[in-house]
Amino acid sequence: MTTHKFKTGMFLNELQLPFDEGLAVAKDLGVEYVWFSSLVDRPPIAEMFDDEIDEIGEKIEARGLKHMIVSAGSPFKSIDLTTLSVDSFEDDEDFQKDFSDMVRSMEIANRLGVSAVSVYSFAWPGEYTAEKPTWPMRWTTRGGIISDVEMDKLEKAYTLMVEQAEKYNVDLVLSMMPWNYTNTTGNFRKVAERISSDRIKVMWGPADNYNCGESDVFTAGFLNVKPYIHSIHSKDLRVNNGIALDFDYLPFGEGQTDYATVFRSLRDNNLDPVVSISTHWTPPNGSRVDAMRTQVANVFSLMESLD
């Protein structure tokens, strides 16, 4: 039985409930932290007025919960990096819209006393199309190869972001979606080392990394992200045919993600990132709350049973 104290959190978007009801579920299930990128009964995060932000903070505090990270939507998630040039970021409307949302998230983080904001890492070519033409190449190469041209663009974009992070004294936490450039620990590390800023952190997503063909993510992958881990994006899946992007999301512990090794690595290295629990699947009765209840129970069970 482990004596390590793991921090746990919940991604409220999964519940698709009004904010107050979502907080009640989080409190009832016993997590400590919550976060969200949108709320079903609130305006977009970046468009909220300060009094609306204050209300959110007060409600989280009143439940005895903590706000894990501020995410004003999903900035830089769906922008095709190939449509930009190193000199065009300041003039591109889509980039500037997401950049403005990110800056607003930093203002909100300062207001709420939260130390980090969430960003994404642009879309691989053709990713948000039905054909997904680059996926087979990316699976075969364990996540894809970032060209020097695209790395120059990423360096420029994140340099601009880091400047704002320094101004607002917050960390910049990159997510690890299969559809974005930091889809694997290897690609994330290349980007992080290129930017070379203490502000760059990661929400490590072992399941997504594995889904991108990074088969050793639970061991070697941990070493790639170890200096940067802010939180863990926890869900589970089974890869049926990787090159064909054939996979299924499953209840935590029933898929191929080796969370026992992940959690042991955190414990043995005395790391305490928030383990943020997501679902991405629904039970036969269709209840998102029941799905989250199963996820949380399974996460807690594994944490408590580590040798």
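Our subject is the structure that appears above.
Small disclaimer: the values here were computed from a predicted structure and weren't measured.

Colleague: Is there a simple way to explain the pattern of salt bridges in this structure?
Modeller: Note that side chains of opposite charge can pair when their charged atoms are close. For the structure shown, the criterion picks out 26 salt bridges. Linking Arg 111 and Asp 54 is a salt bridge whose minimum nitrogen-to-oxygen distance equals 2.7 Å. Of the two residues, Arg 111 is situated in helix H3 (residues 93–112) and Asp 54 in helix H2 (residues 50–62); the sequence distance between them amounts to 57 residues. A residue is classified by how much of its surface remains accessible, and Asp 54, at 25% relative accessible area, is partly exposed. Asp 208 is the salt-bridge partner of Lys 235, the closest N and O atoms lying 3.0 Å from each other. Note that Lys 235 is positioned in the loop between strand E7 (229–234) and strand E8 (236–241) and Asp 208 in helix H7 (residues 206–211), a separation of 27 residues in sequence. Residues Lys 235 and Asp 208 agree in their burial class; the two are buried. Through salt bridges with shared partners, a single ionic network connects Asp 20, Asp 41, Arg 42, Glu 55 and Lys 59.

Colleague: What's the story with unusual backbone geometry in this structure? I'm lost.
Modeller: Note on backbone geometry: most residues besides glycine have negative phi, and most peptide bonds are trans. Residues other than glycine seldom take positive phi values, yet Gln 16 does so here, at roughly 55°. Mapped onto the secondary structure, Gln 16 falls in the loop between strand E1 (7–11) and helix H1 (19–29). Classification of Gln 16 by relative accessible area gives partly exposed; the value is 43%. Not every positive phi belongs to a glycine, and His 280 is a case in point at roughly 70°. Within the element layout of this structure, His 280 appears in the loop between strand E10 (274–277) and helix H10 (288–305). We classify His 280 as partly exposed; its relative accessible area is 32%.

Colleague: Just checking my understanding: could you explain the environment of Gly 213 for this structure?
Modeller: Residue position: Gly 213 is located in the loop between H7 and helix H8 (220–225). A relative accessible area of 12% places Gly 213 in the buried class. For Gly 213 and Met 68, which are 145 residues apart along the polypeptide, the C-alpha to C-alpha distance reads 29 Å. With near-sequence residues (within four places) excluded, Gly 213 lies in contact with Trp 139 and Arg 142.

Colleague: Even after reading the chapter, I still don't get the packing of aromatic side chains, so can you show me in this structure?
Modeller: Any pair of aromatic rings gets described here by the distance separating the centres and the angle formed by the planes. Counted under the stated rule, the structure contains 18 aromatic pairs. With centroids separated by 4.9 Å and ring planes inclined at 65°, the aromatic side chains of Phe 89 and Phe 95 adopt a geometry described as edge-to-face. Taken individually, Phe 89 and Phe 95 each receive the classification buried, so the pair is uniform in this respect. On the numbers, 6.4 Å between centres and 10° between planes, the contact of Phe 95 with Phe 122 is stacked. Placement of the pair is Phe 95 in helix H3 and Phe 122 in the loop between strand E4 (116–119) and helix H4 (135–140), with a sequence separation of 27 residues. Through pairs of rings, three or more aromatic residues link up here, namely Phe 76, Phe 89, Phe 95, Phe 99, Phe 122 and Tyr 158.

Basis of the calculations
- Residues numbered from 1 in each chain as written.
- Predicted model: local features only at pLDDT ≥ 70, side-chain atom pairs only at ≥ 80, totals over all residues.
- Heavy atoms only, no water.
- Salt bridge = Lys/Arg side-chain N within 4 Å of Asp/Glu carboxyl O.
- Helix = DSSP H or I, 4+ residues; strand = E, 2+ residues; numbered from the N terminus.
- Buried < 20%, exposed > 50% of the residue type's maximum accessible area, 1.4 Å probe, protein only.
- Contact = heavy atoms within 4.5 Å.
- Phe/Tyr/Trp six-rings, centres within 6.5 Å; stacked < 30°, edge-to-face > 60°.

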